[in-house]
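Geometric and topological summary
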Amino acid sequence: MGNRPWSARTRSAPEPLLPPGHRPYRVRVTTTALTLSAGELLLRPWRADDLPALLAAHDDPAMRRWLATRLSGAEEARAWLEAQREGWASGRRFGFAVTDPGAEESLVGNVVLKLTGPDRQSAEAGYWTTAAARGRGVASLSLGALTDWAFTASAVSPGDGLRRIELFHRVDNDASCRVAEKSGYALAEVVPPCPPPHPLDGHRHVRHAGAVSAAGARRAGSAGTAGGPATPRRCGDSAAPSR
């Protein structure tokens, strides 16, 4: 199949990932691994042979600006990939490589769900996209697929199921704020700086089970979890973000 216009091999104008009215998310379980479909994208667990693409993704100033974990060499990348494998094995962290089957399964991003409570009813989501794939809705599609799967997957939270997912980003990361809103994660509070790892304020967004996505989420300093003002927090409080 031909390369998509926004693959790593070309800089020409990209095309939309979804036709109008198309439902983007579909879950498929194979005999070897769980995969999620998000429009024309495929989400699958990370593999050892993803190392070169992973290093190439991290060789990007924007990635290094926003991410707390920055990979600078093959040894660090191998350790990161092993952490993803161990996360799946423990049933506490579910990391997906986001790939584009229409461009030879090239890597276009990462999305992860991390359980944060002993009752398995709360979790934190995170994501990034490669430089060549930005601006085409990869982050919102991937986050939406992950969120839909997380709220329905018994492997994530058996019994009563997952009840809430949080998402953190730096206050000056407007693009991540837009992704959160589009995916139904409402702004809950402003998190103060916690240097050295988090030198600036952050935003904590929350999506509850059963909440609508896209237009149902509202951003603003006026939008909290219950419709009130966003709540400030002191550095060092128990629910500090892992941005």
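Residues numbered from 1 in each chain as written. Predicted model: local features only at pLDDT ≥ 70, side-chain atom pairs only at ≥ 80, totals over all residues. Heavy atoms only, no water.

1. Focus: the confidence of the model for the protein
What counts here: Here pLDDT means the predictor's own confidence in every residue, given as a number from 0 to 100. By the convention used here, residues are in contact when the closest approach between their heavy atoms is within 4.5 Å.
This prediction gives the protein a mean pLDDT of 76; 70% of its residues lie at or above 70. Note on residues 18-32: pLDDT is under 50 here. Beyond four places in sequence and across chains, it has 26 contacts. Below pLDDT 50 for its whole length, residues 234-243 participates in 24 contacts with residues either more than four positions away or in separate chains.

2. A short note on the pattern of salt bridges
What counts here: What counts as a salt bridge is simple: a side-chain nitrogen of Lys or Arg found within 4 Å of a carboxyl oxygen of Asp or Glu. Only runs of H or I of at least four residues qualify as helices and only runs of E of at least two qualify as strands under DSSP, and these elements are numbered from the N terminus. Each residue is placed in one exposure class: buried if its accessible area under a 1.4 Å probe, protein chains only, is under 20% of its type's maximum, exposed if it is over 50%, and partly exposed if it falls in between.
Scanning all chains against the criterion turns up ten salt bridges. A salt bridge links Asp172 to Arg65; the nearest nitrogen and oxygen atoms lie 3.3 Å apart. Here Asp172 is found in the loop between strand E7 (164-170) and helix H5 (174-182), whereas its partner Arg65 is found in helix H2 (residues 61-66), with 107 residues between them in sequence. For Arg65, a relative accessible area of 45% gives the class partly exposed. A salt bridge links Arg164 to Glu166, with the shortest nitrogen-to-oxygen separation between them at 2.9 Å. Within this structure, Arg164, Glu166, Glu189 and Arg204 form a network of salt bridges that share partners.

3. Notes on the nonpolar core
Counted only if it meets this: Joining through side-chain atoms within 4.5 Å is the link that ties buried Ala, Val, Leu, Ile, Met, Phe, Trp, Tyr and Cys residues into a set, and such a set is a nonpolar core.
Membership of the largest hydrophobic core comes to 33 residues, with the highest contact counts inside it found for Leu43, Phe96, Leu113, Trp149, Val156, Leu162 and Ile165. Of all the secondary-structure elements, those providing two or more residues to this core are strand E2 (34-38), strand E3 (41-45), strand E4 (93-100), strand E5 (106-115), strand E6 (122-129), helix H4 (138-150), E7 and H5. No other element matches H4, which puts eight residues into this core. Formed by 13 residues, the second largest nonpolar core is a distinct cluster that contains Trp46, Leu67, Leu71 and Trp128.

4. Let's talk about the side chain of Arg44
Using the following cut-off: Any pair of nitrogen or oxygen atoms within 3.5 Å is treated as a polar contact; in protein, a donor-acceptor pairing is required on top of that, and neighbouring residues in sequence qualify only through side-chain atoms on both sides.
Mapped onto the elements, Arg44 comes out in strand E3. For Arg44, a relative accessible area of 7% corresponds to the buried category. Of the polar contacts made by the side chain of Arg44, one reaches the side chain of Asp50; its length is 2.8 Å.

5. What about the pairing of E2?
The test is simple: For two strands to count as paired, DSSP must find a minimum of two bridges between them.
Along E2, five of the five residues are buried, which leaves the element largely enclosed by surrounding structure. Judged by which residues are buried, E2 turns out to be covered on both faces: Leu34, Leu36 and Ala38 on one side and Thr35 and Ser37 on the other are all buried. Bridge count between E2 and E3: three bridges; the pairing is antiparallel. Across the sheet, residue Leu36 finds its bridge partner in E3, namely Leu43. Between E2 and E3, which pair antiparallel one after the other, the connecting turn spans two residues, and Gly39 there sits at a positive phi close to 65 degrees.

6. Considering the packing of aromatic side chains
Just so we agree on the cut-off: By convention, a stacked pair of Phe, Tyr or Trp rings (six-membered ring in the case of Trp) has centres within 6.5 Å and planes under 30 degrees apart, an edge-to-face pair has planes over 60 apart, and any other such pair is tilted.
Counted under the stated rule, the structure contains seven aromatic pairs. Taking the centre distance of 6.1 Å and the plane angle of 45 degrees together, the rings of Trp46 and Trp128 count as tilted. Of the two residues, Trp46 is situated in the loop between E3 and helix H1 (51-58) and Trp128 in strand E6; the sequence distance between them amounts to 82 residues. The exposure class of Trp46 is buried, given its relative accessible area of 10%. Judged by its relative accessible area of 8%, Trp128 is buried. With 5.2 Å between their ring centres and 85 degrees between their planes, Trp88 and Phe94 make a pair best called edge-to-face. The exposure class of Phe94 is buried, given its relative accessible area of 3%. A network of ring pairs unites the aromatic residues Trp88, Phe94, Phe96 and Trp149 as a single cluster.

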